[in-house]
Amino acid sequence: MQKGKGRTSRIRRRKLCRSSESRGVNESYKSEFIELRKWLKDRKFQDSNLVPARFPGTGRGLMSQTSLQEGQMIISLPESCLLTTDTVIRSYLGAYITKWKPPPSPLLALCTFLVSEKHAGDRSLWKPYLEILPKAYTCPVCLEPEVVNLLPKSLKAKAEEQRAHVQEFFASSRDFFSSLQPLFAEAVDSIFSYSALLWAWCTVNTRAVYLRPRQRECLSAEPDTCALAPYLDLLNHSPHVQVKAAFNEETHCYEIRTTSRWRKHEEVFICYGPHDNQRLFLEYGFVSAHNPHACVYVPREILVKYLPSADKQMDKKISILKDHGYIENLTFGWDGPSWRLLTALKLLSLEAEKFMCWRKVLLGEVISDTNEKTSLDIAQKICYYFIEETTAMLQKVSRTKDEKEALINQLTLVESLWTEELKILRASAETLHSLQTAFT
């Protein structure tokens, strides 16, 4: 086992991270949080466990006021506090949504309500919640194009798809927005602008909790599962914790129970799921340091980069990998190349006389020492290629930071992603070196 890779080392590292980054500065005295707590109290929610605070490692979050035990309820938010499509349909927008054809999507209903209420300002019944929402987001869809160009290729492609999706969402919604003109003194085009809708879309995409699917005739058939949860959505993500979160049909509250223990004055986390850093960046706009689920993806063109170009069976081998789902999600992780990646390389490395053994390779059987060593050698070459590429990208990001001070925050986020990937690749290189010693 490598130094620093064992369970004891991981526990020690987590404790160190928690002790150095978990103590925050209480912000419950700030006017926006005082107003929010009053607003929540009027809706039958009070909480004595958690208070808003700012932390050196994660920014704004929730801090424990008392020690929290494993299995304890950390938050129980009444249904009256949730912003759902029911909220929208009961509002002044309901009549317009009900008569619009084809029916608007649940997402459009939520986004329209957010934009409209934000425009209402002091007149909005949801102002205390709107005031504590981010003014801007750092998802790739919000980044400047020159910053998106500095992302890993696979993430860049997904970011461009995401941007196209939101732009289409905006374009296809403009007629519906126009129908709302009787509600406003100003022109709806100035209220429901692309930037306003982008902010609302990011709010729902990054902060919504999941509810059991519902179906309403006045809304499209798309899943209606999203709800915004004021106060609860101040909880930050950590990949090292587990929680039980769901809407309780008996209490009519959205409840979260922790499976971790928290000391007094520590930041309390929830887990959004076992997401790698590229997924966290794409969907939520942040990168998680020491993320055990983080990985580096190997695209097809790099997978075959160091294989013999004269291999007449290569197309057939690629076809087999495709048919059996081994051409995607091939990765390097903290523990080295994934089993899927090594399996793909073993199949691609099969000599002509061993080709008929490909089924055994997919089942995990060892074909020969030569095949094992060849696949490890290729994995190491790919890993070193990525290390060089990642190092070069970090240098490019650093130079861009010097040249584009206005984009420093966006570039720092991209830099953190590449930095984590470089750490993973170096850890994988060490693992590959250890595995190769068995054949020397």
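Starting from 1, residues in each chain are numbered consecutively following that chain's sequence as written. Thresholds applied to this predicted model are a pLDDT of at least 70 for local features of residues and 80 or more for the giving and counting of side-chain atom pairs; totals over whole chains, interfaces and linings are not thresholded and use all residues. Side-chain figures throughout are based on the complete set of non-hydrogen atoms in the structure, without hydrogens or water.

1. Details of the overall build of the protein chain
For clarity, the cut-off: Under the DSSP-based scheme used, a helix requires at least four consecutive residues in state H or I and a strand at least two consecutive residues in state E, with every element numbered from the N terminus. Categorising residues by exposure relies on relative accessible area from a 1.4 Å probe, with only protein chains included: less than 20% of the type maximum marks a residue as buried, more than 50% marks it as exposed, and the intermediate range marks it as partly exposed. Residues are treated as being in contact if the distance between any of their heavy atoms lies within 4.5 Å. Charged residues are defined here as Lys and Arg on the positive side and Asp and Glu on the negative side; His and the ends of the chain fall outside this count. For this purpose, a charge sits on NZ of Lys, CZ of Arg, CG of Asp or CD of Glu.
Scanning the protein chain from terminus to terminus reveals 17 helices and 13 strands. Taken over the C-alpha atoms alone, the protein chain extends approximately 75 × 50 × 50 Å along its principal axes. With 440 residues in all, the protein chain has 49% of them scored as buried. Considering only contacts within the protein chain whose residues lie at least 6 apart along the sequence, 72% involve residues at least 24 apart. Across the protein chain, 59 positive and 52 negative side-chain charges occur, with their mean positions spaced 5 Å apart.

2. Comments concerning unusual backbone geometry
The omega torsion of the bond from Lys101 to Pro102 falls at -5°, within 30 degrees of zero and hence cis. Tracing the sequence through the fold places Pro102 in the loop between helix H4 (94–99) and helix H5 (106–120). The backbone of His252 shows a phi angle near 55°, a positive value even though the residue is not glycine. Along the chain, His252 falls in the loop between strand S8 (243–248) and strand S9 (253–258). With a phi angle near 55°, Asn329 is a residue other than glycine that sits in the positive phi range. Within the element layout of this structure, Asn329 appears in the loop between helix H13 (314–323) and strand S12 (331–333).

3. Brief notes about the environment of Ala200
In this structure, Ala200 sits in helix H10 (residues 194–207). Distance from Ala200 to Lys118, taken between C-alpha atoms, is 9.5 Å for residues 82 residues apart in sequence.

4. As for the sheet that holds S9
Each strand in a sheet pairs with another by means of backbone hydrogen bonds, the pair being arranged parallel or else antiparallel. As a reminder of what qualifies: The criterion for strand pairing is that DSSP finds at least two bridges linking the strands in question. Note on method: axes are straight lines fitted to C-alpha atoms, helices fitted across the in-contact stretch only, with angles between N-to-C directions ranging 0 to 180 degrees.
Spatial ordering of the open sheet is given by S4-S9-S8, a layout of three strands whose pairing is antiparallel. Of all strands in the sheet, those with a lone pairing partner are strand S4 (73–78) and S8, marking the two edges. Put simply, the sheet's adjacent strands are angled 10° from each other on average, direction ignored. Where S4 lies against S9, five bridges are found, and the strand directions are antiparallel. Looking at the pairing, Met73 lines up with Arg257 of S9.

5. Brief notes about the environment of Tyr92
Within the secondary structure, Tyr92 is located in the loop between helix H3 (85–90) and H4. By relative accessible area, Tyr92 is classed as partly exposed at 35%. As a C-alpha pair, Tyr92 and Phe113 span 21 residues in sequence and 9.5 Å in three-dimensional space. With sequence-adjacent residues up to four places away left out, Tyr92 is seen in contact with Ser116, Glu117 and Leu183.

6. Quick look at the side chain of Asp233
With respect to the helices and strands, the residue Asp233 is situated in the loop between strand S6 (224–227) and strand S7 (236–237). On the basis of relative accessibility, which here comes to 10%, the residue Asp233 falls in the buried class. Residues in contact with Asp233, not counting those within four places in the same chain, are Tyr129, Leu133 and Arg207.

7. Here's the deal with the state of the cysteines
Note the threshold: The definition used for a disulfide is geometric: two cysteine sulfur atoms within 2.5 Å.
Taken as a whole and assessed by the stated rule, the structure comprises zero disulfides. With no disulfide of its own, Cys81 lies 8.3 Å from the sulfur of Cys253, the closest cysteine sulfur. Overall, the relative accessible area of 0% leaves Cys81 in the buried class. Cys202 provides the cysteine sulfur closest to Cys139, a residue in no disulfide bond, and the two sulfurs are 4.5 Å apart.

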